[in-house]
Amino acid sequence: MSAPTRLLIHGASGRMGQALLRLCEDNPACAVVAAVTQRSPAQRVVDGVPFFAASELAAVPAFDVAIDFSLPAGFDALLELCRKRGVALVSGTTGLDEAQRLALAAAATRIPLVWASNFSLGVAVLAELVERAAAALPGWDVDVVEAHHAQKKDAPSGTALTLGEGAASHGAKVAYASLRAGDIVGEHTVQFTGLGERLELVHRAGSRDIFARGALHAALRLVGRPPAAYRIRDLLD
Ligand SMILES: NC(=O)c1ccc[n+]([C@@H]2O[C@H](COP(=O)([O-])OP(=O)(O)OC[C@H]3O[C@@H](n4cnc5c(N)ncnc54)[C@H](OP(=O)(O)O)[C@@H]3O)[C@@H](O)[C@H]2O)c1
């Protein structure tokens, strides 16, 4: 059996970081060698995983790939570490500014990386299906309808916009509708309407764990690839 992939989890005390630590515990293909949080960790080792404060990032042991679900304020230091050490990066941190996006694109000439606003594998496949349908159904009306929990502020969701852009890249004019209600984790419907017929492609997220699972899936497939900015759909097989 080959050695497990060594992971650094950045944002390890957060909701996504905790989900990743849980998933890695049950997966012999990976070993978390560093868990990084913004604040100084209360305990140095938790369940065999060494914890580090963000200020100690330069001192973390060797790792094969970093998985980052943190905040934009911590992103630059992690990107620089991955670039310097020549290791892969998977990031789902949202709210990056223009300079950070440019730095990410520049780093992709040196290391393999993937950044995505939605790490669900189902949504990655949905995006492919939407593009295929838009190419095959020119002139049809395309509507993206999304529903999320009542606390979500932005609308349409970043995922809805990405799906719509995929259809628009094949010439479709896309309209959006957003619902905010209760505790809905996330639902996206892309509806193609022609004369006398309608096609609906639907994805429903039941748990936030799907994003952690998708990020881990991407991380394990990114290691050893040539430097580039990959999409999740490039890493599905
Ligand atoms: N792409 C996707 O599929 C997807 C899905 C879900 C969430 N997200 C994004 O993932 C990120 C995290 O979400 P979450 O719900 O897990 O957030 P959260 O529960 O608020 O956790 C944030 C984590 O980031 C750490 N952190 C904050 N500032 C930092 C810094 N300057 N340097 C290093 N670490 C820092 C925090 O450490 P402390 O606890 O020490 O403060 C904590 O571990 C957000 O950007 C969110 O939008 C993306």
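See the structure shown above.
Residues numbered from 1 in each chain as written. Predicted model: local features only at pLDDT ≥ 70, side-chain atom pairs only at ≥ 80, totals over all residues. Heavy atoms only, no water.

Student: Help me out: how do you make sense of the overall build of the protein chain in this one?
Tutor: Each helix and strand in the protein chain was counted, giving six helices and 12 strands. Taken against the 2.2 N^0.38 rule, which gives 18 Å for 237 residues, the C-alpha radius of gyration of the protein chain at 19 Å falls within 12% of a compact globule. Dimensions along the principal axes, computed over C-alpha positions, put the protein chain at roughly 60 × 40 × 40 Å. Looking at the protein chain as a whole, 44% of its 237 residues qualify as buried. Sequence separation of 24 or more characterises 66% of the internal contacts of the protein chain that already satisfy a separation of 6 or more. Distance between charge centres in the protein chain, computed from 23 positive and 24 negative side chains, equals 4 Å. (Helix = DSSP H or I, 4+ residues; strand = E, 2+ residues; numbered from the N terminus. Rg over C-alpha atoms; globule rule 2.2 N^0.38 Å. Buried < 20%, exposed > 50% of the residue type's maximum accessible area, 1.4 Å probe, protein only. Contact = heavy atoms within 4.5 Å. Lys, Arg positive; Asp, Glu negative; His and termini not counted. Charge placed at Lys NZ, Arg CZ, Asp CG, Glu CD.)

Student: In this structure, what is going on with the site of the ligand? I would like to understand it.
Tutor: What surrounds the ligand is a group of 24 residues, the closest being S13, M16, R39, T94 and F119. For the ligand, an oxygen atom lies 3.0 Å from a polar atom in the backbone of S70. Within the side chain of T94, a nitrogen or oxygen atom sits 2.6 Å from an oxygen atom of the ligand. Protein contacts shield 82% of the accessible area of the ligand, which totals 940 Å² for the unbound molecule. Secondary-structure elements contributing two or more residues to the shell around the ligand are helix 1 (15–25) and helix 2 (72–85). In terms of residue class, the shell around the ligand is made up of nine nonpolar, 13 polar and two charged. (Near = heavy atom within 4 Å. Polar contact = N/O pair within 3.5 Å; in protein donor to acceptor, adjacent residues only side chain to side chain. Areas by Shrake-Rupley, 256 points an atom, 1.4 Å probe, with all protein chains shown as cover. Nonpolar A, V, L, I, M, F, W, Y, C, P; charged D, E, K, R; others polar.)

Student: What's the story with the layout of surface pockets in this structure? I'm lost.
Tutor: A water-sized probe, rolled over the atoms, reveals where empty space remains. A volume near 230 Å³ is recorded for the second largest pocket. For the lining of the second largest pocket, the secondary structure elements donating two or more residues are helix 1, strand 2 (30–37) and strand 4 (49–53). For the lining of the second largest pocket, the leading source of residues is helix 1, giving five residues. Within the lining of the second largest pocket, the residues separate by chemical class into eight nonpolar, one polar and three charged. (1 Å grid on protein atoms, 1.4 Å probe; cavity = no way out; pocket = protein on both sides within 12 Å on 5 of 7 lines; lining within 4 Å. Points joined across faces, edges and corners; volume = space filled by probe spheres on them.)

Student: What am I meant to see in helix 6 (residues 209–222) here?
Tutor: Because each turn of an α-helix spans 3.6 residues, side chains separated by three or four positions end up pointing in the same direction. With 14 residues, helix 6 extends 20 Å from end C-alpha to end C-alpha; this agrees with the ideal 20 Å at 1.5 Å per step. Remark: G224 follows helix 6 within two positions and exhibits a positive phi of approximately 90 degrees. (Expected span 1.5 Å × (residues − 1).)

Student: Would you mind going over unusual backbone geometry with me for this structure?
Tutor: The bulk of non-glycine residues show a negative phi, and the bulk of peptide bonds are trans. Residue A155 is joined to P156 through a cis peptide bond whose omega torsion reads -5 degrees. Residue position: P156 is located in the loop between strand 8 (141–148) and helix 5 (158–168). One non-glycine residue with positive phi stands out, namely D47, at about 50 degrees. Its place among the elements puts D47 in the loop between strand 3 (45–46) and strand 4.

Student: Help me out: how do you make sense of the sheet that holds strand 9 (residues 174–180) in this one?
Tutor: Read across the open sheet, the four strands follow the order 9-8-10-11; overall the sheet is mixed. Of all strands in the sheet, those with a lone pairing partner are strand 9 and strand 11 (197–205), marking the two edges. Across the sheet, the mean angle separating the axes of adjacent strands is 15 degrees when strand polarity is ignored. Of the pairings in the sheet, the one linking strand 10 (residues 186–194) to strand 11 comprises nine bridges and is antiparallel in character. Residue pairing across strands places T189 opposite V202, the latter belonging to strand 11. Here helix 4 (residues 121–136) sits on the sheet and contacts strand 10 and strand 11; the angle it forms with strand 11, its principal contact strand, is near 165 degrees. With respect to the sheet, helix 5 is in contact with strand 8, strand 9 and strand 10, its orientation differing from that of strand 9 by roughly 165 degrees. (Pairing = 2+ DSSP bridges. Axes fitted to C-alpha atoms, helices over the stretch in contact; angles between N-to-C directions.)

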